[in-house]
Structures are given as structure tokens and as C-alpha cells.
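Summary of the model geometry
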Amino acid sequence: MTASSATATVLQAREGLRARTGGPKEDGPKLLEHLLGWTLVVLLAMLVTQTGLM
């Protein structure tokens, strides 16, 4: 481990910092995401049963 990576590790542990990778933020509207996800599941299930695919 180099000195700079050791320093970064200590700073992250002390301040609770995490490297951002550009992914989705964790503080988003989770309720809305769950509702939209379940709506998509229900619509897909209806489509599959109506078209006789299952």
C-alpha cells in the first residue's frame, strides 16, 4: 500500500467518504421506483397472458 492510498483510506474511514462512480444516487425516490417497477411487472404479466404466451 502506498502512502497516498493509505492516506485516502484513513480519510475515507474517518469522514465516511466514498468514491462516486457515476451510478444512480442512493437518495432517490424509492417509493416511486417501486410503484413503477411493480406496474411494469403487472403490465407484462397481463400482456403475456392475453397473448397466450404462457
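Look a little higher up for the structure.
An account of the accompanying structure is given in this report. Computed from a predicted structure; not experimentally measured.

Brief notes about the overall build of the chain
Scanning the chain from N- to C-terminus turns up two helices and zero strands. Within the chain, the fraction of its 54 residues that count as buried is 0%. Entry remark: accessible area of the chain is about 5,200 Å², with carbon and sulfur atoms responsible for 69%.

A word on a nonpolar patch on the surface
A surface patch of nonpolar side chains, amounting to about 280 Å² of accessible area, comprises Val 42, Leu 43 and Met 46. With respect to the element layout, Leu 43 can be found in helix H2 (residues 30-51).

Observations concerning H2
Between the first and last C-alpha of H2 there are 32 Å, a value that for 22 residues agrees with the 32 Å anticipated at 1.5 Å per step. Backbone geometry just downstream of H2 places Gly 52 in the positive-phi region, at approximately 75°.

Reading the values: the criteria
Residues numbered from 1 in each chain as written. Predicted model: local features only at pLDDT ≥ 70, side-chain atom pairs only at ≥ 80, totals over all residues. Heavy atoms only, no water. Helix = DSSP H or I, 4+ residues; strand = E, 2+ residues; numbered from the N terminus. Buried < 20%, exposed > 50% of the residue type's maximum accessible area, 1.4 Å probe, protein only. Areas by Shrake-Rupley, 256 points an atom, 1.4 Å probe, with all protein chains shown as cover. Patch = residues over 30% accessible without salt bridge, like charges linked within 9 Å, V, L, I, M, F, W, Y side chains within 5 Å. Salt bridge = Lys/Arg side-chain N within 4 Å of Asp/Glu carboxyl O. Expected span 1.5 Å × (residues − 1).

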